Amino acid sequence: KAIDLINTVYRRKRTGLILWVVPTTQIYNQTLNSLKDRAHPYRQHFDIASGGRTLIFEKGDRFNPLDVEENLAVLLLMLPSANRKTKETLKLFQDNGGFQSFFPAEDAFEDQKKLLKAIPNLDIYGGKESLWQMQIKTSLGNVLRLLSPVIILDEGHKAYSAGAQET
């Protein structure tokens, strides 16, 4: 119900991305099954909030800007899969060809610079002196930064470690 209120009052739309973060595999599986079951109250609330246009995604799934613009997309993610000592080792932050449609073309340097100016915490390759200048990584992590999803932190009391808070 909170998502419906956030989208109606704050965002003034019925579409967008919801990032649902869970702490364990067991809760992940239970939540995924509940979200995919159209008879479950979780899914029913999302369908009401989206006008029946709800999509459920897992970390390995590909989605594009149109999916998020026309639907209420729920991305289920496990906290441990994004909670490590260095983000370079996480697939979440690795360049991924599946999300290129969210970013300017690799050779559109001015568009890349404009996006970096608007969202300066995007992960990039290179630097000002690099042959390819500053190239935005087409990672899921950068997509999340770009879309600023509503975040549901399931079992939030389990996310008090320094690593979990950093994530």
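One structure accompanies this document, and this report is about it. (Residues numbered from 1 in each chain as written. Predicted model: local features only at pLDDT ≥ 70, side-chain atom pairs only at ≥ 80, totals over all residues. Heavy atoms only, no water.)

### Some words on the overall build of the chain
Here is step 1 of the chain: Of the regular secondary structure elements, the chain holds 7 helices and 6 strands.
Here is step 2 of the chain: In sequence order, the secondary structure elements of the chain are arranged as α-β-α-α-β-α-β-α-β-β-α-β-α.
Here is step 3 of the chain: By the burial criterion, 41% of the 167 residues in the chain qualify as buried.
Here is step 4 of the chain: For the chain, long-range pairs separated by at least 24 residues make up 62% of all intrachain contacts whose partners lie at least 6 apart in sequence.
Here is step 5 of the chain: Surface summary for the chain: the accessible area is close to 9800 Å², and the carbon and sulfur share equals 53%. (Helix = DSSP H or I, 4+ residues; strand = E, 2+ residues; numbered from the N terminus. Buried < 20%, exposed > 50% of the residue type's maximum accessible area, 1.4 Å probe, protein only. Contact = heavy atoms within 4.5 Å. Areas by Shrake-Rupley, 256 points an atom, 1.4 Å probe, with all protein chains shown as cover.)

### Structural notes on the packing of helix α2 (residues 25–36) against helix α3 (residues 41–50)
Here is step 1 of the chain: Across the interface, α2 lies against α3 with an axial gap of 6 Å and an inter-helix angle of 50 degrees. With respect to α3, the element α2 is oriented oblique. Crossing of α2 against α3: the hand is right-handed. Contacts from Ser34, Leu35 and Lys36 in α2 reach Tyr42, Arg43 and Phe46 in α3. (Axes fitted to C-alpha atoms, helices over the stretch in contact; angles between N-to-C directions. Parallel < 35°, antiparallel > 145°, perpendicular 65-115°, else oblique. Left-handed = near helix turned anticlockwise from the far one by under 90°.)

### Observations concerning the nonpolar core
As a rule of thumb, nonpolar side chains are buried together in soluble globular proteins.
Here is step 1 of the chain: If you look at the biggest cluster of nonpolar residues, it comprises 21 residues, and the most contacted ones within it are Phe63, Leu75, Leu140 and Val143.
Here is step 2 of the chain: Membership of the second largest hydrophobic core comes to 16 residues, among which are Tyr28, Phe46, Ile56 and Val74. (Core = buried A, V, L, I, M, F, W, Y, C linked by side-chain atoms within 4.5 Å.)

### Structural notes on the layout of surface pockets
Here is step 1 of the chain: Within this model, the second largest pocket holds a volume of roughly 190 Å³.
Here is step 2 of the chain: Along the walls of the second largest pocket sit Lys1, Ala2, Ile3, Asp4, Trp20, Tyr42, His45, Phe46, Ile48, Ala49 and Ile152, which together make up its complete lining.
Here is step 3 of the chain: At the level of secondary structure, the elements contributing two or more residues to the lining of the second largest pocket comprise α1 (2–11) and α3.
Here is step 4 of the chain: The biggest single contributor to the lining of the second largest pocket is α3, with 5 residues.
Here is step 5 of the chain: Residue composition of the lining of the second largest pocket, grouped by class: 8 nonpolar, 1 polar and 2 charged. (1 Å grid on protein atoms, 1.4 Å probe; cavity = no way out; pocket = protein on both sides within 12 Å on 5 of 7 lines; lining within 4 Å. Points joined across faces, edges and corners; volume = space filled by probe spheres on them. Nonpolar A, V, L, I, M, F, W, Y, C, P; charged D, E, K, R; others polar.)

### Section: the sheet that holds strand β1 (residues 16–22)
Strands pair in a sheet through their backbones, by hydrogen bonds, and they do so in one of two ways: parallel or antiparallel.
Here is step 1 of the chain: The strand order across the open sheet formed by 4 strands is β2-β3-β1-β6, and the pairing between neighbours is parallel. With partners counted over all chains shown, the strands left at the sheet margins are β2 (54–58) and β6 (150–153), one partner each. Adjacent strand axes in the sheet meet at a mean angle of 20 degrees when their direction is disregarded.
Here is step 2 of the chain: Sheet analysis places β1 next to strand β3 (residues 72–78), joined by 7 bridges and oriented parallel. Within the sheet, the bridge partner assigned to leucine 19 lies in β3 and is leucine 75. (Pairing = 2+ DSSP bridges.)

### Let's talk about the pattern of salt bridges
Here is step 1 of the chain: A complete count under the given rule lists 5 salt bridges for this structure.
Here is step 2 of the chain: For arginine 43, the salt bridge goes to aspartate 47, with nearest N and O atoms at 3.1 Å. With arginine 43 and aspartate 47 both in helix α3 and 4 residues apart, the pair spans about one turn of that helix.
Here is step 3 of the chain: When its relative accessible area of 15% is taken as the criterion, aspartate 47 is described as buried.
Here is step 4 of the chain: Arginine 145 is paired through a salt bridge with aspartate 123; the nearest N and O atoms lie 3.1 Å apart. Of this pair, arginine 145 sits in helix α6 (residues 140–147) while aspartate 123 sits in the loop between α5 (109–118) and β4 (124–125); the two residues are 22 residues apart in sequence, bridging distant segments of the chain. (Salt bridge = Lys/Arg side-chain N within 4 Å of Asp/Glu carboxyl O.)

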